[in-house]
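The primary structure of each chain is shown beneath.
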Amino acid sequence: MIAPKRLATLIALACSSPLAFAQATDTQDKNEDSLEKITVVGTAQSRYVVGESSSLTGFELDFLSLPRVVNIIPEQLILDQKITDLSEALRNTPGVSLGDGFGGTNDDFLIRGFRRNAVYRDGFRRATNFKTNLSNVAYTQIIRGPASITYGQVEPGGLVDIVTKKPLNEQRLSGEARIGSFNDKFALVDWSQLIGDNAAIRLVGSMQDAESFRDFTDVDRNTLSISGNINLTPATQLNLSYEYRDEARPLDRGTITVPTPNGREVVNNLLDISHSTRFGESFEIFESNFNFFDATIAHNINDDWTLKVSTAYEQSSADDLQARPLAVGVFDADGPITDDGFVIFQNPADIAGILGASLVAEFDDPSDRVFLFRRTDGNQNADVDVAYVNAKVSGNMDIASVTHNIAIGANFRDFTREDNFVLTANTNGVPTSLGGDGPLFNVSNPIYGNLPTSLTPSDFPRRGTKLQEYGVFINDYVELTDSFSVLLGGRFDSVTQEVQSDGVTLLDLDSATAFSPQIAANYKLNNTTSLFLSYSEAFEPNINQANTEVSQTEPFDPEDSQQIEAGVKAEFFNGRLQTSVSVYDIDKTNVLADLDGVAVLRDGQTSQGAELSISGQPSEGMNVIAGYAYTDAEIEGSGSVAGNTPRNVAENTFNLWASYEFQHGDLEGLGIGGGYFYVGDRFGTDANSFVLDSYGLVDLSMWYTLAVPRAGKNSTVRFQLAVKNLLEEEYYSASGGDLRISIGAPRTVFGSVSFTL
């Protein structure tokens, strides 16, 4: 493992290397002085362009040939917008809204109305949802709709697969130093080096130390990624990579809602409470350590067929403690409670009645006081170990003058997690000296330090979960004519699970199996336009509970999802601008629910909608990425929330980012970009008990790229200023329920200096 101080030293040395690098190349530059030089000033347009991914089918298909929608967020867009979190990057794609992300510590989002189940990394379903390290991401792909065919168990709305940086086919050194509002400091170094004619290596390191507009908040993140490739033979390549991350960030549950005569409302809108005020404690820290190693060997069997085998190992550990809000109590101005949270009583027998009355009371007067019942709890010594193996053979063949593009693959995943869930008693407004559990928390007059700050994990059971997953799939893309093609595929999966407590097996499920087919058709109207129609399915196992009506080891049938989607794709400006319009209908069934204490399967959720995506470079120096989505999601079944809209799902979302960089003349190297990101109204709970209002954010960015010919051909330094939430919009970005409302960041400003050699 690499200690943070050593990593900081490494990054500092790397960032100081441009001078040494320039000196090493100075002699070569002098020898070339007599030759005419062409120096590229500004951002290479190729850094905005990402070819179509093969991950959904197992083989490469160009944009117009793929009968599904996949959106791409390139690395350069992340750099231009000064983004460090995946959730912020996903603003650049339609139909995505945010979840509260375990107090802002995890990646959490919804696509087409369905909450993510994982974030994928180079095709592997990452076991943890820790915030993604964007420093090592080459591009992010958002696959819309069910994608079980190659990815296994997924939610039907879609998935996010980050593609990590790999060695370049050239020598390059780049880096950045950034400082921003709220004492946000960030540094990055990215070095790629050829080693002889048959190997290359790449190292990416970053560090971030940032505070926040929220009280007692500090983020400390260090990352290091190393990748390499070796051409073992002309037909065989070995790729290796390793990523390490050490991170500490606050577990911040945000603000709360309170009951009023008009329904629940955010307490900040009722009382004079700043958005900076936390209702938690300074000890609420989520600490994580993440290691991911993978190795891939790719072999060209012949000109038509390729074999690819990948293996990976993920290991992580984490600890968290939080001051969990459990319930809200509303008291009149002269109610039986002190401002510091102690219940006033004459007889201890009165306490239950006093608290019971407060829990159902409504905030109906500006003088009312609001208190929280809280406790300390968290996951301690959480250890996750996962082994992965993916194998695939792909190629093409002609049968009766018809071309078949075929991929046959298999996947294996072995998952183990252990942790101790620790907790204290709930505060009840009674002093501990009288045998109580401490004061309630006054949200208008916070008094911190009344909750236990540490617990002994060994005093609580050690929980364990083991999963083993197997899957095989086949895809066949049949080119029936030059214009008409059909995609046929199917996948079979098997999942087993075991749950333990202190080494004692509580649940040992037999194999749960599922078959997920897909069929799609694609018709090219001409060289720039195509139509597509697809049907696809997804599954997720129903785990953690046995179907005891059958046996103690029988699993419930997996969740099953189906999507029908139709759309049109088009390219403009000689293929430099790509657009897609699609409509879809998703139905999710076999959702495990509780009915009067009995586990039953029922219909889960539907979602219908339409999406528009635009991305590309319509002219030299200009870049555009835009989208709009309409999402109509509804909870099914017969429970109290049937017919409601799932929480955090916005009916309308819109995103636009456009930038222009001067390519010639006196302003060459000057760039400006701006964006508008809109998220419509969302319900804060599945019960639709309150609404988070819509919001629109305006971002601006300006930069100037300066050529530094003495440092090497095409070497540049870039100065940039970026402003997020320019208009100081106040908003709530997501809900985790009545007592967990995420607060959006106010205006923030960033300045940076970066270089490329």
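Treat the numbers as computed from the prediction; the structure is a model and nothing was measured.

Definitions and limits used
- Residues numbered from 1 in each chain as written.
- Predicted model: local features only at pLDDT ≥ 70, side-chain atom pairs only at ≥ 80, totals over all residues.
- Heavy atoms only, no water.
- Helix = DSSP H or I, 4+ residues; strand = E, 2+ residues; numbered from the N terminus.
- Rg over C-alpha atoms; globule rule 2.2 N^0.38 Å.
- Buried < 20%, exposed > 50% of the residue type's maximum accessible area, 1.4 Å probe, protein only.
- Contact = heavy atoms within 4.5 Å.
- Areas by Shrake-Rupley, 256 points an atom, 1.4 Å probe, with all protein chains shown as cover.
- Lys, Arg positive; Asp, Glu negative; His and termini not counted.
- Charge placed at Lys NZ, Arg CZ, Asp CG, Glu CD.
- Pairing = 2+ DSSP bridges.
- pLDDT = per-residue confidence, 0-100.
- Arc of directions from axis to C-beta.
- Phe/Tyr/Trp six-rings, centres within 6.5 Å; stacked < 30°, edge-to-face > 60°.
- Salt bridge = Lys/Arg side-chain N within 4 Å of Asp/Glu carboxyl O.
- Polar contact = N/O pair within 3.5 Å; in protein donor to acceptor, adjacent residues only side chain to side chain.

Student: An account of the overall build of the protein chain is requested, with residue identities and associated values reported.
Tutor: A tally of helices and strands in the protein chain yields 7 helices and 40 strands. The globule rule puts the C-alpha radius of gyration for 757 residues at 27 Å, and the 27 Å found for the protein chain is close to it. Expressed along its principal axes, the backbone C-alpha trace of the protein chain runs to roughly 95 × 60 × 45 Å. Within the span of the protein chain, comprising 757 residues, buried residues form 54% of the whole. Of all intrachain contacts in the protein chain linking residues separated by at least 6 positions in sequence, the fraction that spans at least 24 positions is 69%. Here the protein chain has roughly 31500 Å² of accessible surface; of this, 55% comes from carbon and sulfur atoms. Taking the average location of the 54 positive side-chain charges in the protein chain and that of its 101 negative ones, the two points are 6 Å from each other.

Student: Describe the sheet that holds strand S4 (residues 114-115), naming the residues involved and giving the relevant values.
Tutor: Spatial ordering of the open sheet is given by S2-S3-S4, a layout of 3 strands whose pairing is antiparallel. What marks the edges here is a single partner per strand, and that holds for strand S2 (96-98) and S4. For S2 and strand S3 (residues 109-111), the ladder comprises 3 bridges, and the chain directions are antiparallel. Residue pairing across strands places Ser 97 opposite Leu 110, the latter belonging to S3.

Student: For the confidence of the model for the protein chain, give the residues involved together with the corresponding values.
Tutor: Taken over all residues, the pLDDT of the protein chain has a mean of 90, while the share at 70 or more is 93%. Every residue in residues 1-40 scores below 50 in pLDDT, and together they form 49 contacts with partners more than four places removed in sequence or on other chains.

Student: Tell me about the sheet that holds strand S6 (residues 124-125), and name the residues and values.
Tutor: Hydrogen bonds between backbone groups are what pair the strands of a sheet, and the pairing can be parallel or antiparallel. In spatial order, the strands read S1-S7-S8-S5-S6; together these 5 strands make up an open sheet with mixed pairing. Each end of this open sheet is capped by a strand with a single partner; those strands are strand S1 (70-74) and S6. Of the pairings in the sheet, the one linking strand S7 (residues 137-144) to strand S8 (residues 158-164) comprises 7 bridges and is antiparallel in character. Directly across from Ile 143, in S8, lies its bridge partner Leu 159.

Student: Report on helix H7 (residues 351-360), specifying residues and quantitative values.
Tutor: By the burial criterion, the buried members of H7 are Ile 351, Ile 354, Leu 355 and Ser 358. Viewed end-on, H7 has its buried residues packed into an arc of 90°, placing them on one side of the element. Projecting away from the buried face of H7 at angles above 90 degrees are the exposed residues Ala 352 and Val 360. Packing partners of the buried residues in H7 comprise strand S18 (322-331) and strand S19 (369-399).

Student: I'd love a proper account of the packing of aromatic side chains, names of residues and values included.
Tutor: Each pair of aromatic rings is reported with the distance of its centres and the angle of its planes. Under the criterion given, the structure shown has 17 aromatic pairs. Measuring from centroid to centroid gives 5.5 Å for Phe 130 and Phe 286, while their planes differ by 70°, and the two rings are edge-to-face. One end of the pair, Phe 130, is in the loop between S6 and S7; the other, Phe 286, is in strand S16 (residues 285-300), with 156 residues separating them in the sequence. According to the relative accessible area criterion, Phe 286 is buried, its value standing at 6%. When the centroid spacing of 6.4 Å and the interplanar angle of 45° are considered together, the rings of Phe 654 and Tyr 676 count as tilted.

Student: Break down the pairing of strand S38 (residues 732-735) for me, citing the residues and quoting the values.
Tutor: For S38 and strand S39 (residues 741-743), the ladder comprises 3 bridges, and the chain directions are antiparallel. Counted as the bridge partner of Tyr 732 is Ile 743 from S39. Following S38, the chain reverses through 5 residues before pairing antiparallel with S39; Gly 737 in that reversal takes a positive phi of roughly 130°.

Student: Outline the pattern of salt bridges, listing residues and values.
Tutor: This model, assessed by the stated rule, comprises 43 salt bridges. Its salt-bridge partner being Arg 253, residue Asp 100 comes within 3.1 Å of it at the nearest N-O pair. Highlighted residues: Asp 100 in the loop between S2 and helix H5 (101-104) and Arg 253 in the loop between strand S13 (236-250) and strand S14 (257-260), separated in sequence by 153 residues. Taking the relative accessible area as the measure of exposure, Asp 100 reaches 10% and is therefore buried. A salt bridge links Arg 324 to Asp 377; the shortest N-O distance between them is 2.5 Å.

Student: I'd love a proper account of the environment of Asp 686, names of residues and values included.
Tutor: Mapped onto the fold, Asp 686 is located in the loop between strand S34 (682-683) and strand S35 (691-692). Considering only alpha carbons, one finds Asp 686 and Asn 725, 39 residues apart in sequence, at a separation of 29 Å. Excluding anything up to four places from it in sequence, Asp 686 contacts Ile 635, Val 641, Asn 644, Thr 645, Pro 646 and Arg 647. There is a polar contact of 3.0 Å between the side chain of Asp 686 and the backbone nitrogen of Arg 647.

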